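Residue-level structure breakdown
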Amino acid sequence: SGSLFDHLVQMPLLEIADVANNRFSGSIPASVASLGQLKTLLLTSNLFSGNIPAALGSLLPSLQQLALSGNRFEGLIPSTLGQLSSLTYLDMGRCGLSGPIPSELGQLSQLTHLNLAQQTLTGFIP
């Protein structure tokens, strides 16, 4: 019982969480940011919804890959994602986001892959 994330946060040494292509739903709680060793978080093609928690950017310094595409999120891209200094892969296509692309994404100096396709975003890619 409980949500997927209730179980994941019980694994503090977890480095890779790949639950892509399932039918998981609900929101991503800020508590996922307690996984300080996490390097890869792949949530692609599920039924996640709500806002993307700002804590993902501010509390996961080791994160290298973040894939959120193909979900039902809403709201803005958190500007705190620009704090993910180790991030090389950011996939946020087709997930319902809107509004301006945060200029803080320009701080992702290690980024080699960026997907923001099929959203209602505005502005420029920094």
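Let us look at the structure shown here. The model shown is predicted, which means the values in this text are computed figures rather than measured ones.

Criteria and cut-off values
Residues numbered from 1 in each chain as written. Predicted model: local features only at pLDDT ≥ 70, side-chain atom pairs only at ≥ 80, totals over all residues. Heavy atoms only, no water. Pairing = 2+ DSSP bridges. Helix = DSSP H or I, 4+ residues; strand = E, 2+ residues; numbered from the N terminus. Phe/Tyr/Trp six-rings, centres within 6.5 Å; stacked < 30°, edge-to-face > 60°. Buried < 20%, exposed > 50% of the residue type's maximum accessible area, 1.4 Å probe, protein only. Axes fitted to C-alpha atoms, helices over the stretch in contact; angles between N-to-C directions. Contact = heavy atoms within 4.5 Å.

1. Structural notes on the sheet that holds strand β2 (residues 25-26)
One open sheet holds the three strands; their spatial order is β2-β4-β6, and the pairing between them is parallel. Each edge of the sheet is formed by a strand with only one pairing partner; in this case those strands are β2 and β6 (72-73). Pairing analysis gives two bridges linking strand β4 (residues 47-50) to β6, with the strands arranged parallel. The residue of β6 that forms the bridge with Ser49 is Arg72.

2. Remarks on the packing of aromatic side chains
One pass over the structure, following the stated rule, counts one aromatic pair. Measuring from centroid to centroid gives 5.5 Å for Phe5 and Phe48, while their planes differ by 50°, and the two rings are tilted. Here Phe5 is found in helix α1 (residues 4-8), whereas its partner Phe48 is found in strand β4, with 43 residues between them in sequence. Summarising the burial analysis for this pair, Phe5 and Phe48 share the class buried.

3. A word on the sheet that holds strand β1 (residues 16-18)
As summarised here, the arrangement of the five strands in space is β1-β3-β5-β7-β9, forming an open sheet in which the pairing is parallel. Looking at the sheet topology across the chains shown, the edges are occupied by β1 and β9 (113-115). The average angle at which neighbouring strand axes cross in this sheet is 10°, direction not considered.

4. With respect to the side chain of Thr80
Tracing the backbone shows Thr80 in the loop between β6 and β7 (89-91). Setting aside its immediate chain neighbours within four residues, Thr80 contacts Ala54, Gly57 and Ser58.

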